4 protein chains.
Amino acid sequence: MNRKLKMGMIGGGKNAFIGAIHRIAANMDGLIELHCGAFSSDPATSIESGKALFLPESKCYASYPEMIRIESQLPIEERMDFVSIVTPNFAHFDPAMMALDHGFNVVIDKPMTLTLAEAKKLEEKVKETGLLLCLTHTYSGYPMVKQARAMVANQQFGSIRKVIVEYPQGWLSNLTEKDGNKQAVWRTDPTKSGISGCMGDIGTHAAQLGEYISGLKITQLCADINIVVEGRKLDDDGNVLLKFDNGANGVLIASQIATGEENSLKIKVFGEKGGLEWHQMEPNTLIIKWPDAPAQIYRAGNDYLSNAAQFNTRTPSGHPEGYLEAFANLYRNFALTLRAKIEGGIPTAEMLDFPSVADGVRGMAFIEHVIASGKSDQKWYAFKI
Amino acid sequence: MNRKLKMGMIGGGKNAFIGAIHRIAANMDGLIELHCGAFSSDPATSIESGKALFLPESKCYASYPEMIRIESQLPIEERMDFVSIVTPNFAHFDPAMMALDHGFNVVIDKPMTLTLAEAKKLEEKVKETGLLLCLTHTYSGYPMVKQARAMVANQQFGSIRKVIVEYPQGWLSNLTEKDGNKQAVWRTDPTKSGISGCMGDIGTHAAQLGEYISGLKITQLCADINIVVEGRKLDDDGNVLLKFDNGANGVLIASQIATGEENSLKIKVFGEKGGLEWHQMEPNTLIIKWPDAPAQIYRAGNDYLSNAAQFNTRTPSGHPEGYLEAFANLYRNFALTLRAKIEGGIPTAEMLDFPSVADGVRGMAFIEHVIASGKSDQKWYAFKI
Amino acid sequence: MNRKLKMGMIGGGKNAFIGAIHRIAANMDGLIELHCGAFSSDPATSIESGKALFLPESKCYASYPEMIRIESQLPIEERMDFVSIVTPNFAHFDPAMMALDHGFNVVIDKPMTLTLAEAKKLEEKVKETGLLLCLTHTYSGYPMVKQARAMVANQQFGSIRKVIVEYPQGWLSNLTEKDGNKQAVWRTDPTKSGISGCMGDIGTHAAQLGEYISGLKITQLCADINIVVEGRKLDDDGNVLLKFDNGANGVLIASQIATGEENSLKIKVFGEKGGLEWHQMEPNTLIIKWPDAPAQIYRAGNDYLSNAAQFNTRTPSGHPEGYLEAFANLYRNFALTLRAKIEGGIPTAEMLDFPSVADGVRGMAFIEHVIASGKSDQKWYAFKI
Amino acid sequence: MNRKLKMGMIGGGKNAFIGAIHRIAANMDGLIELHCGAFSSDPATSIESGKALFLPESKCYASYPEMIRIESQLPIEERMDFVSIVTPNFAHFDPAMMALDHGFNVVIDKPMTLTLAEAKKLEEKVKETGLLLCLTHTYSGYPMVKQARAMVANQQFGSIRKVIVEYPQGWLSNLTEKDGNKQAVWRTDPTKSGISGCMGDIGTHAAQLGEYISGLKITQLCADINIVVEGRKLDDDGNVLLKFDNGANGVLIASQIATGEENSLKIKVFGEKGGLEWHQMEPNTLIIKWPDAPAQIYRAGNDYLSNAAQFNTRTPSGHPEGYLEAFANLYRNFALTLRAKIEGGIPTAEMLDFPSVADGVRGMAFIEHVIASGKSDQKWYAFKI
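The shown structure was predicted, so the numbers you read here are calculated from the model rather than taken from an experiment.

Definitions and limits used
- Residues numbered from 1 in each chain as written.
- Chains lettered and ligands numbered in written order.
- Predicted model: local features only at pLDDT ≥ 70, side-chain atom pairs only at ≥ 80, totals over all residues.
- Helix = DSSP H or I, 4+ residues; strand = E, 2+ residues; numbered from the N terminus.
- Rg over C-alpha atoms; globule rule 2.2 N^0.38 Å.
- Buried ≥ 20, exposed ≤ 12 C-beta atoms within 10 Å, placed from the backbone.
- Contact = placed C-beta atoms within 7 Å.
- Nonpolar A, V, L, I, M, F, W, Y, C, P; charged D, E, K, R; others polar.
- Pairing = 2+ DSSP bridges.
- Domains from an automatic or database assignment.
- Core = buried A, V, L, I, M, F, W, Y, C linked by C-beta atoms within 7 Å.
- Axes fitted to C-alpha atoms, helices over the stretch in contact; angles between N-to-C directions.
- UniProt positions renumbered as here; feature names shortened; annotations may be inferred.
- Least-squares fit on C-alpha atoms with pLDDT ≥ 70 in both.
- Expected span 1.5 Å × (residues − 1).
- Arc of directions from axis to C-beta.

1. Section: the overall build of chain A
Moving on, step 1. Helix and strand content of chain A: 12 helices and 14 strands.
Moving on, step 2. For chain A, whose C-alpha radius of gyration is 21 Å, the value lies close to the compact-globule estimate of 21 Å for 385 residues.
Moving on, step 3. Viewed in the frame of its principal axes, chain A has a C-alpha envelope of about 65 × 50 × 40 Å.
Moving on, step 4. Relative to its 385 residues, chain A shows a buried fraction of 64%.
Moving on, step 5. In chain A, once contacts between residues fewer than 6 apart in sequence are set aside, the share between residues at least 24 apart is 69%.

Okay, structure coming up:
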């Protein structure tokens, strides 16, 4: 297959934040090219956006249904290989279903859908079609997160006992949505965002990261869910006690009213024999702690790292990679898997290491359970799908 | 009053950990001298310990009742001014009551007593006698903790919305108490330590620090209290959701099974207008966060700090002070207050800034509530004394 | 100009390190596409490399002279817009001269040439042709480096008094070149690398960074240049005292035998009124120091930053960018400038902010002076071009 | 010897900075008591100062000659055991000589004397009398500095190749001495401070630390010595290239005009097999770097540390010690050595680990050589005593 994979983008027009990020990420490794797009629900904006990205006008579609329909009628080698859905939450499900129904693989931003019910339907559709779905839980794309996961899986810390994941942001400390901040507007609007604000937007990242690194599953939670800024309709803050399937306990803190914080996702995991700590804002460092020996500073790009970490790195040690590279790792692994499938090969475990529709279902279940727990007087709330 | 204050120590004999710390702290500023002691429940050990500290044999008492009785009969200028009680929890109440009854001021390690009931009796006794009691919540003695408190009190962050305090240690990751670790033995023994292990030992520090800095009071809690290491009788780990009297929410995490952690007490406080972060293991730095401006690194020893911070500092900026100096600040402020009282003066607010019997009662109430909440199926548990 | 700019690459075939970095950087912002390449001096390798990059075989040239000749005969809209030269030092000058002579703009890795004489000829050629040359001093592409430069230029620190720049690496601590490390082999070979190893490879980066941020020019130097690992032919370590044109003093340390260091470029600049500190390995943070106020943590992606910093950022604060993005900033600014030129517009100051042929001449002069100083018994050695 | 050692202090009266530090340090471990003092050249101030320290008036001497004379006539058990000289540099030599002549051991602040000639005389006198002299190079008292030294001595890094020590302060960025800052006044006055300001005050610390950790001796230097602030008479800044006796190279940077820096002494040492890094402002951490393995974070108070580090620690890991404890280690080791001598025992290597008169001579030689080198046009200047 001597060509790049072709991406059709849904959403991500002018002024959108995450669409540009997706394009950089998809573009990073020379495996994917932007082939076409329906960049906005407004046809004129869509076309204008596509042209600004140097797409020929014929590839700037007025709407995603049009794009999917027309592309699906092109010869296989000329049509898009997958869609990338970068719209707000409420506009994930329909295009994803339609894309799958027309034989297109899907990359989709998180949270996967508006409701758990939608998520389950999407999961069934993925199973039915046998197509790929990649959910962009960016933080699991960092090499040092993969190192952490590998060390846990490799039993270097023994049985895991405690997981603490915190994700404070401060950008919603005020009623920013009233000042026209586009990101704030839809994220705080139940019709666009779903039943949760903060927990859906970043709590799901924290939960996915905690499960991804620890290899454990949350089985119970006890949530304190808050609307701190007066006049807001969705939660902007929350603290959650966790129990995992091996009996480990945990804490998940997510807040968008942690004034002065940028995007300070941190995780600590403790096992019988050692512990680990990782900070998203200094992502190339992973601290490993031992009871009777000095802590160690694992750094990206070094030969002593696991295959998983090395596979997801582009630069030598000391040449920092960041958020965009983590994001690009999702696209790259998805692309490598897709290529392998197209070429009739078998994707390796490293290639398959990207969040899938099952993560999406789990994320939506997390949202529904954590919000329900927040409303409940019952202490422990079972988390099951 | 042209002399040092005279301290009589109860506990802290050979091989004791915290007794030596108390002596260094008391000794640091040249305001207090070790006058006498009943360093052990074993008379021979007590005397041997006192002699190793260069006390004359006449000042090495066989027991604390003897010490209190004999000292109380000496002329005022020749007898001890206060006792310092550095025994395990179960041996706090009786000597404190006896000392107060004989007219001696008291310094006492935390948690203050074995039970809340004892604590309340002690509080009554303090009120009745008009004597001073200083409870050694060390961490509130750090200058940058005082800076944090001052900035909150001064409304620099607006109304406080969220308090996150975590206190992970790893030293009880194994059943250390079976290996004869003296500190572990009594701390994990209900008859010596009371109804709680981890929450009593370090959870109380975390709670006190959170309230001290935020100026808020915990009003509700929801606790997950765990015995992680099999075979242990008392909690060695716990996570607690908090509500404060102004409506703020919080999280308190305390663990002694966080393998590889040393003594990593950290606190973050967020208000409407800004936030703060302090780490005990790098105590001379306080990070202040703003929504629209660079974060600031406040450092001990600088002229730009509050009076409270400057009053509790001995060295110029860049010359780090640590745990012993924080501990010494408690003794120093207690000593300055006591001197002022003896001299008939009025202690300043800075002098009076040391934890008191009220903190001790609050700490014991915290222990009883947090353990009760841990056993309860009810989500929110009211915290009231 | 409704298309991406077309890049022809010289060097960067299979197993090359820096070629892949250049491609990612060029590719990052969707402004440039890989159009053709002569990826190796071996024609078969060149073609194989190009095909692996999904180039049509017709665009995989057997040699750079062939590429330049053939491309120059294509219609303007079909031929490459610029060449990117990513070969070892000794193979920079000839292709750059030939490209310019055939009307192609040039991106070139540093150090620019093998000798100062070559550099001066290249500078003349650039002036003569009026074409653009971008020299990839990556570190000046970081947003927080631009912030530092802007604050100095804006007189926020007053007159600059001292510049300390250190660049320790450890990868040449052993005689790695004997183990077949391809990067080590040519960098330690005078015929490939020129008269200097360490000073040419990373000392030039440090010198350029120091001058870029401080806005000053080195006027004198006093160098201690060392070959630490026995059997090596070129310097692998050096320490240099500096004087700048305003009288400021400085120190430049560059080493490739700093065992255990990754790529730890750091700079500190002190002025009358304040100071700054930046570490390449945590590049999104810039520490600003004041004499009578808390230090400040400037962070990439924030609105309070200078235009220059914001212009060179892709992600919101807290979403770390790294080395590849810094590198991409050079390509992006070069591309924006080139587009503006092609479209007949006037590039803005932000667009023009990439290292030029003048930096390349200065870098080569630095190498020749620092090596000469290292051999001299004279203390201060004038640095002039 | 069942008593504390008795200290007589020379200097350190009201408003003095370093005297109070010395008293806290001497006092810290309960081995030394303040016995008497001549705290000021002004008799009234001396007596007032002593009384404020709770000394009986009979022990507050009007002058140090009086103190030495009178004390020397007391019975051995009643007189001071040693003097501690905490005056400015110019007032070190005479009292030290007189104390030694009268049989008193000496603790003395650095730099040891005003001139190298004085230092050599003092060294002879120490040898002649067989008494102890402890020079308070504080930074060598830190446990993690001792750990660093032990690991180098233990060949864990192989042969040392490079030493980088930097000591930036900012407090003399302005002409502070004109504003009546008492510390600044004498330190910038040649009659009080000697031929050097910055190099004498802090350059000597840096040099001593570099030699102490590396176990090497400086043999050549090439100095750039600067008076940056106009109107000042002594150097306030300097950069020095170094050669060591094993052929290693080094850099020493000391500055008091590094605006915004507090007391940021840092050292990096690189050997064939690894490297180390220590920062005085976070002194309980020592970073150890390896070429093929993760860096390690050695932390004070842990069992995995060398005897030397553990011997100089008072608190468990995670309970930070600081500058005062480092200072106290000098006094403690001096006191333990003196006790051993008095009791007729043999001090252990750990006890003897405090800077001696030989360090003092070396420090004065450093000052004279570095200033001479600064004035010389010759590049390398031999450093020999």
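2. Structural notes on the interface of chain A and chain B
Moving on, step 1. Each side of the interface is counted separately: chain A has 34 residues, and chain B has 34 residues.
Moving on, step 2. Elements that contribute at least two residues to the side of chain A that touches chain B include exactly strand E6 (160-168), strand E7 (218-226), strand E8 (237-244), strand E9 (249-255) and strand E10 (266-271) of chain A.
Moving on, step 3. Broken down by element, the residue count for the side of chain A that touches chain B peaks at 4 residues, all from E9(A).
Moving on, step 4. Classifying every residue of the side of chain A that touches chain B by side-chain character gives 12 nonpolar, 12 polar and 10 charged.

3. Points about the pairing of strand E6 (residues 160-168) of chain C
All names here are of chain C.
Moving on, step 1. The buried fraction of E6 amounts to 9 of the 9 residues, a majority that puts the element mostly inside the structure.
Moving on, step 2. Of the strand pairs in this sheet, E6 and strand E10 (residues 266-271) are connected by 6 bridges, and their pairing is antiparallel. Residue pairing across strands places Glu-166 opposite Lys-266, the latter belonging to E10.
Moving on, step 3. Relative to strand E9 (residues 249-255), E6 runs parallel, the two being bridged by 7 bridges. Of the residues in E9, the one forming a bridge with Val-163 is Gly-250.

4. Some details on the environment of C:Asn302
Moving on, step 1. Considering the arrangement of structural elements, one finds C:Asn302 in the loop between strand E13 (295-299) and helix H10 (307-311).
Moving on, step 2. Residues C:Asn302 and C:Arg362, 60 residues apart in the sequence, show an inter-C-alpha distance of 33 Å.

5. Some details on the domain arrangement of chain A
All names here are of chain A.
Moving on, step 1. By domain assignment, chain A separates into domain 1 (5-139 + 330-355) and domain 2 (141-317 + 362-382).
Moving on, step 2. On the side of domain 2, 25 residues touch domain 1, which itself brings 20 residues to the contact.
Moving on, step 3. For the side of domain 1 that touches domain 2, a count of residues per class yields 11 nonpolar, 6 polar and 3 charged.

6. Things to note about the nonpolar core
Moving on, step 1. One finds A:Val106, B:Val106, C:Val106 and D:Val106 to be the most contacted residues of the largest nonpolar core, which totals 494 residues.
Moving on, step 2. Beyond its immediate chain neighbours, meaning those up to four positions away, C:Val106 contacts C:Phe82, C:Val83, C:Ile85, C:Ala96, C:Ala99, C:Leu100, C:Leu131 and C:Leu133.

7. Concerning the interface of chain B and chain C
Moving on, step 1. Taken together, the 10 residues of chain B in the interface contact 10 residues of chain C.
Moving on, step 2. Of the residues belonging to the side of chain B that touches chain C, the class tally is 6 nonpolar, 1 polar and 3 charged.
Moving on, step 3. Where strand E13 (residues 295-299) of chain B and E13(C) come together, 3 bridges link them in antiparallel fashion. The residue of E13(C) that forms the bridge with B:Ile297 is C:Ala295.

8. So, the sheet that holds strand E2 (residues 32-38) of chain B
The pairing of strands in a sheet happens through backbone hydrogen bonds and is either parallel or antiparallel.
All names here are of chain B.
Moving on, step 1. Spatial ordering of the open sheet is given by E2-E1-E3-E4-E5, a layout of 5 strands whose pairing is parallel. The sheet is open, and its two borders are formed by E2 and strand E5 (133-135), each paired with just one other strand. Across the sheet, the axes of successive neighbouring strands diverge by a mean angle of 25 degrees, strand direction being ignored.
Moving on, step 2. In terms of strand pairing, strand E1 (residues 5-10) meets strand E3 (residues 82-85) through 4 bridges, oriented parallel. The residue bridging Ile-10 from the neighbouring strand is Ile-85, located in E3.

9. Notes on the UniProt feature "domain: Gfo/Idh/MocA-like oxidoreductase N-terminal" (unreviewed entry) in chain A
Moving on, step 1. Per the UniProt entry, the sites bearing "domain: Gfo/Idh/MocA-like oxidoreductase N-terminal" (unreviewed entry) are residues 38-134 of chain A in this numbering.
Moving on, step 2. Secondary structure across residues 38-134 of chain A comprises 43% helix and 11% strand; the distance between its end C-alpha atoms is 19 Å.

10. Some details on the sheet that holds strand E2 (residues 32-38) of chain A
Residue and element names in this part refer to chain A.
Moving on, step 1. Read from one edge of the open sheet, 5 strands run E2-E1-E3-E4-E5, paired in parallel fashion. For this open sheet the edge positions go to E2 and strand E5 (133-135), each flanked by a neighbour on one side alone. Between one strand and the next, the sheet's axes are offset by a mean angle of 25 degrees, whatever the strand orientation.

11. Brief notes about the relation of the copies chain B and chain C
Moving on, step 1. Between the two copies, chain B and chain C, the superposition gives an RMSD of 0.0 Å; the rotation angle is 180 degrees and the shift along the axis is 0.0 Å. The transformation just described matches what one would write down for a two-fold rotation axis. Identified as the residue of chain B closest to the rotation axis by C-alpha distance is B:Gln296, at 2.2 Å.
Moving on, step 2. Counting the interface residues of chain B, we find that 100% of their copies in chain C are interface residues as well, pointing to one common contact surface.

12. Considering helix H5 (residues 116-129) of chain D
Note on helix geometry: an α-helix contains 3.6 residues per turn, so any two residues three or four positions apart are oriented the same way.
Residue and element names in this part refer to chain D.
Moving on, step 1. With 14 residues, H5 extends 20 Å from end C-alpha to end C-alpha; this agrees with the ideal 20 Å at 1.5 Å per step.
Moving on, step 2. Of the residues making up H5, those classed as buried are Leu-116, Glu-118, Ala-119, Leu-122, Glu-123 and Val-126. All buried residues of H5 lie within an arc of 150 degrees about the axis, which places them on one face of the element. For H5, the exposed residues lying more than 90 degrees away from the buried face are Ala-117, Glu-124 and Glu-128.
Moving on, step 3. In the core, the buried residues of H5 are packed alongside helix H4 (93-101), strand E5 (133-135) and helix H12 (357-375).
Moving on, step 4. Phi turns positive one or two residues past the end of H5, at Gly-130, with a value near 70 degrees.

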